[in-house]
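Chain by chain, the residues:
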Amino acid sequence: MRYFIFRNQTIEPLFGEDGIGYSGYDDISVIPDTTERYIWFYQVPFNINSQQLAEEISTYIDKLTLVLSHIENKELWILSLVNLFPIQLAGNDTQINETVTLFNTEALKLTKTNKNLRFIDFSSFTSQYTSQELINWKFYFISQMQLSTKLTKDFKLWFMRKEAEIAGKRKKCLILDLDNTLWGGILGEDGIAGIQIGGDYPGKAFYYWQLALLELQKNGVILAVCSKNNENDVLEAWEKNPFMVLKKEHFSAWRINWQDKATNIQELAKELNIGLDSMVFVDDNPTERALIKEMLPMVCVPDFPLRPYELMNFFSQLVNDYFRIYTITDEDRQKTEQYKANAKRTAERSKFIDMESYIKSLNINIIITPANSFNVSRIAQMTQKTNQFNLTTIRLTEQEINQQLADGWKIYCISVSDKFGDNGITGAIFITPSNHIENLLLSCRILGKGIEEAFVQYILNYLHREGIKQITAEYRPSPKNSQTADFYERLGFNLSEESINNKLYNKTLEQEVSIKNYYNIKMNN
Amino acid sequence: MKQRIIEIMKDVLEEQNIDINSTQDSLENWNSLRHLNLVSELEDEFDIELEPDEIAEMKSVQKIVDIIKQKNN
């Protein structure tokens, strides 16, 4: 699998199904290790109660941290949280935005200590649209998909570009111009003491910029110089200007002459023995930049800020765009180990120590109700719509279900709620008068938290109390229900017959089986 | 129009063999998620707005053709 995506909403149309795995909705209890990388793509759910919503959002960072502590060294791409539903009842209600910002800040912080993390700013996509364009309420109510399906194609393109950016991001060498790039002013005119580096602004801005570049050099990025100057003037400035942070020894190579810069850069590539496509060229002069873009399109040429105080933002953009390091060296591994220890501590401090306590914290309430005139139409609808968790895919109408009830079938439906809300009726089981489970189905919305096992086990216990000793069941494969192929095996049923068309099971109900106490299950009779 | 609908379906569902008798149960790729993409494509193509109950009824090619014909009248 290429990606496994942790999500809390319907996003399958955005990423497709080929080689992509999805978590259950807001479910982190399953973390497959057969994937190349993970993606974290949570979005702000719709909840008009901003207090509740803020509480929910504030749990995301704990969940992310917990996931992080389980994924070893594989890559995890985090898409930032964006609130697509900007409904604000009170003008001063900034609670949601604050919790969203907090999540993004914390996630970004994690990327600083974890080289296998990558933060993708989702707002760079959403900011292109108005909120009317972003949300299509019709599709939201049908599918729980927030982002309008009209934007699916745009999203795919945007994400492909992000993937390409990440893949092509590891540049090796930064080639710098000197005058008005590494310092303010022109060395040939202003002299060694006259150029702006250190002291008051703008010299201060160039000083900080050089300090930042020095860090880059210490982290393995090769620095080089390409400048139209007299080489001796520059060598003297490096040596004699006391505020100069970057000196001769920090540059692996330089071309300081009056030759055109395209030729110089080609020579630098040869001298350093690296490809032009792993070089980034920074120059304040737009004409020089245009020349390199034209002559050497493989070299990356970012725009240079017009004002020196913008240099720090420019630096962080440079790092983010070209010099994030992903290769895992021994030293990185050490850092990862350290991080892992930290993550464990964080997890211990936070609400969930492990998956079980995570599920416990959800306060899952399961209510089982016999089919009746209030829910029969919903049950019929589910038999029509449910594909993935549907053991025999028998489609039924309301009339047919009413007939079965009249014939003495036991039909129950399940409603699931947790501390974040009520999912309503999301599953059903059909048992014939001769105690055969003809069908069992559950909406994929609630899967992945062990609810399916708990539900069936509860029913089996109930039947046992009613004096039923033998039960049979059936699985019929469909193109879509393969994830349930061994569901009855998992519940301890015996396979009695198997053919291409179905699998038949039986089970003796000898005693009640205890169910994890963190599911609060009730039966309405 | 029928042909155009089938073409869109082939494209969105990535299924080669679709004809007027195809149904949601007979096509492996026609799941609820692709169904949404299909609805969205059909809405754009025929410049119509499909209502949720119609979307739920669109379980066969024939039904889709019927619904869109009705819409266009």
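Cut-offs used in this document
Residues numbered from 1 in each chain as written. Chains lettered and ligands numbered in written order. Predicted model: local features only at pLDDT ≥ 70, side-chain atom pairs only at ≥ 80, totals over all residues. Heavy atoms only, no water. Helix = DSSP H or I, 4+ residues; strand = E, 2+ residues; numbered from the N terminus. Buried < 20%, exposed > 50% of the residue type's maximum accessible area, 1.4 Å probe, protein only. Pairing = 2+ DSSP bridges. Axes fitted to C-alpha atoms, helices over the stretch in contact; angles between N-to-C directions. Contact = heavy atoms within 4.5 Å.

### What about the environment of E510 of chain A?
Then, in step 1: Relative to the helices and strands, E510 of chain A resides in the loop between β16 (503-508) and β17 (519-523).
Then, in step 2: Overall, the relative accessible area of 66% leaves E510 of chain A in the exposed class.

### Considerations on the sheet that holds strand β14 (residues 470-475) of chain A
Residues and elements named next belong to chain A.
Then, in step 1: Within the open sheet, the eight strands sit side by side as β15-β16-β14-β13-β12-β11-β10-β17. Their pairing is mixed. The open sheet has two edge strands, β15 (494-498) and β17, and neither has a second partner. Here the average twist between neighbouring strands, direction ignored, is 25 degrees.
Then, in step 2: As paired elements, strand β11 (residues 410-418) and strand β12 (residues 421-431) share eight bridges and run antiparallel to each other.

### Observations concerning the sheet that holds strand β7 (residues 222-227) of chain A
Residues and elements named next belong to chain A.
Then, in step 1: Within the open sheet, the four strands sit side by side as β8-β7-β6-β9. Their pairing is parallel. Two strands bound the open sheet, and with one partner strand each, they are β8 (251-256) and β9 (279-282). Here the strands of the sheet are splayed against their neighbours by 20 degrees on average, with no regard to which way each runs.
Then, in step 2: As judged from the five bridges shared by β7 and β8, these two strands associate in the parallel manner. Within β8, the residue paired with A224 across the bridge is A253.
Then, in step 3: Contacts between helix α11 (residues 261-272) and the sheet are confined to β6 (173-176), β7, β8 and β9, with β8 contributing the most and set at about 150 degrees to the helix.

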